[in-house]
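The primary structure of each chain is shown beneath.
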Amino acid sequence: MAHSKQNTALGAAYAAKRPEEVAALYDSWSDTYDADMSTAGYRHPTICLALLARHLPRGAAPLLDAGAGTGLSGEWLAITGYPQVEALDISEGMLAKAAAKGIYSALHCLALGGPLPFADNAYAGIVSAGVFTSGHVGAEGLDELIRICRPGGAIVLTVKNTLWEAGFAARIAELEAQGVVTRDEETAPYVSMPGEADTVPSRGLVLRVI
């Protein structure tokens, strides 16, 4: 059976080893990304949106959409009561698509996983859908997100099971033991793209910054 275009692009993105490879792959994918994800039944943005609405008060601002891509999450944030959202993504091509939607107050072309040029406690909440996954960002990306999120703020993210079992769960437990965050909610594992064969399940996670 022939692989779909999104299956091929996803496989390449998950296999990427360096940030510049990830950026180039998403740049080339940006024109068809929204349509491809719709075909795949992409669930991460919806899951993150539901978790955010449950754990962060309406009107909390500003928020950061970390790994915003073309703005699939950002399109719904204003509608659900979060009108001031900034976008961060490694791909200029994806951010250009997000910019054209007019839904973000600022755009930042940056990679997660290293230092970020934002002040401590800069954001009331952070959403990161589909970023903590194979070939993208691992647990090393957590510390900076926690640093730039205000005490009492919520970080909503999805984590692929392979990453979760390869040290991510242990890192979350460490952060809890250190009194840095509390785990306010963890969903059961779910398939993020039911339209794709052999998709590894992920889970949604809400971290409350202390």
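The structure contained in this document is the topic of the report that follows. As the structure is a computational prediction, the values presented were derived from the model and not from experiment. (Residues numbered from 1 in each chain as written. Predicted model: local features only at pLDDT ≥ 70, side-chain atom pairs only at ≥ 80, totals over all residues. Heavy atoms only, no water.)

**Thoughts on the overall build of the protein**
For the protein, the count of helices and strands is eight helices and seven strands. By residue count, 49% of the 210 residues in the protein fall in the buried class. A sequence separation of at least 24 residues applies to 69% of the contacts in the protein between residues at least 6 apart. Accessible surface computed for the protein: about 9,100 Å², of which carbon and sulfur atoms make up 56%. (Helix = DSSP H or I, 4+ residues; strand = E, 2+ residues; numbered from the N terminus. Buried < 20%, exposed > 50% of the residue type's maximum accessible area, 1.4 Å probe, protein only. Contact = heavy atoms within 4.5 Å. Areas by Shrake-Rupley, 256 points an atom, 1.4 Å probe, with all protein chains shown as cover.)

**Structural notes on the environment of leucine 63**
Of note, leucine 63 is situated in strand S1 (residues 63–66). Considered as a pair, leucine 63 and proline 83 are 20 residues apart in the sequence and their alpha carbons are 8.8 Å apart.

**Description of the packing of aromatic side chains**
As enumerated under the stated definition, the model contains three aromatic pairs in all. With a centroid separation of 5.6 Å and an interplanar angle of 90 degrees, the aromatic rings of phenylalanine 118 and tyrosine 123 are classed as edge-to-face. Classification of phenylalanine 118 by relative accessible area gives buried; the value is 11%. The class of tyrosine 123 is buried, set by a relative accessible area of 3%. Between the aromatic rings of phenylalanine 132 and phenylalanine 168, the centroid separation amounts to 5.4 Å while the plane-to-plane angle is 70 degrees, which identifies the pairing as edge-to-face. Highlighted residues: phenylalanine 132 in strand S4 (residues 123–132) and phenylalanine 168 in helix H8 (residues 161–177), separated in sequence by 36 residues. (Phe/Tyr/Trp six-rings, centres within 6.5 Å; stacked < 30°, edge-to-face > 60°.)

**Structural notes on unusual backbone geometry**
With omega at -10 degrees, the peptide bond leading from alanine 61 into proline 62 counts as cis. Turning to its location among the elements, proline 62 is positioned in the loop between helix H4 (44–55) and S1. With a phi angle near 60 degrees, asparagine 121 is a residue other than glycine that sits in the positive phi range. Tracing the backbone through its elements, the reader meets asparagine 121 in the loop between strand S3 (106–109) and S4. Note on asparagine 121: relative accessible area 38%, which makes it partly exposed.

**With respect to the pattern of salt bridges**
The full count for this structure, using the stated rule, is ten salt bridges. In this structure, aspartate 120 and arginine 147 form a salt bridge, with 2.7 Å as the shortest nitrogen-oxygen distance. Here arginine 147 lies in helix H7 (residues 142–148) and aspartate 120 lies in the loop between S3 and S4, a separation of 27 residues in the sequence. With a shortest N-O distance of 2.9 Å, arginine 208 and aspartate 184 are connected by a salt bridge. (Salt bridge = Lys/Arg side-chain N within 4 Å of Asp/Glu carboxyl O.)

**Let's talk about the side chain of glutamate 86**
Along the chain, glutamate 86 falls in strand S2 (residues 85–89). Put simply, glutamate 86 is tucked away with no salt bridge, and the nearest opposite charge, on arginine 150, sits 8.7 Å away. A polar side-chain atom of glutamate 86 sits 2.6 Å from a polar atom in the side chain of tyrosine 123. (Lys, Arg positive; Asp, Glu negative; His and termini not counted. Polar contact = N/O pair within 3.5 Å; in protein donor to acceptor, adjacent residues only side chain to side chain.)

**Some details on the pairing of S2**
Burial of S2 is extensive: five of the five residues sit out of reach of the surface. Covered by surrounding structure in S2 are Val85, Ala87 and Asp89 together with Glu86 and Leu88, the residues of both alternating faces. Relative to S2, S1 runs parallel, the two sharing four bridges. Within the sheet, the bridge partner assigned to leucine 63 lies in S2 and is valine 85. Across four bridges, S2 lies against S3 in parallel orientation. When the sheet's bridge partners are listed, glutamate 86 is paired in S3 with alanine 106. Since S2 and S3 lie parallel, the crossover through helix H6 (residues 92–100) that links them has a hand, and here it is right-handed. (Pairing = 2+ DSSP bridges. Right-handed = clockwise from strand over helix to strand, strands pointing away.)

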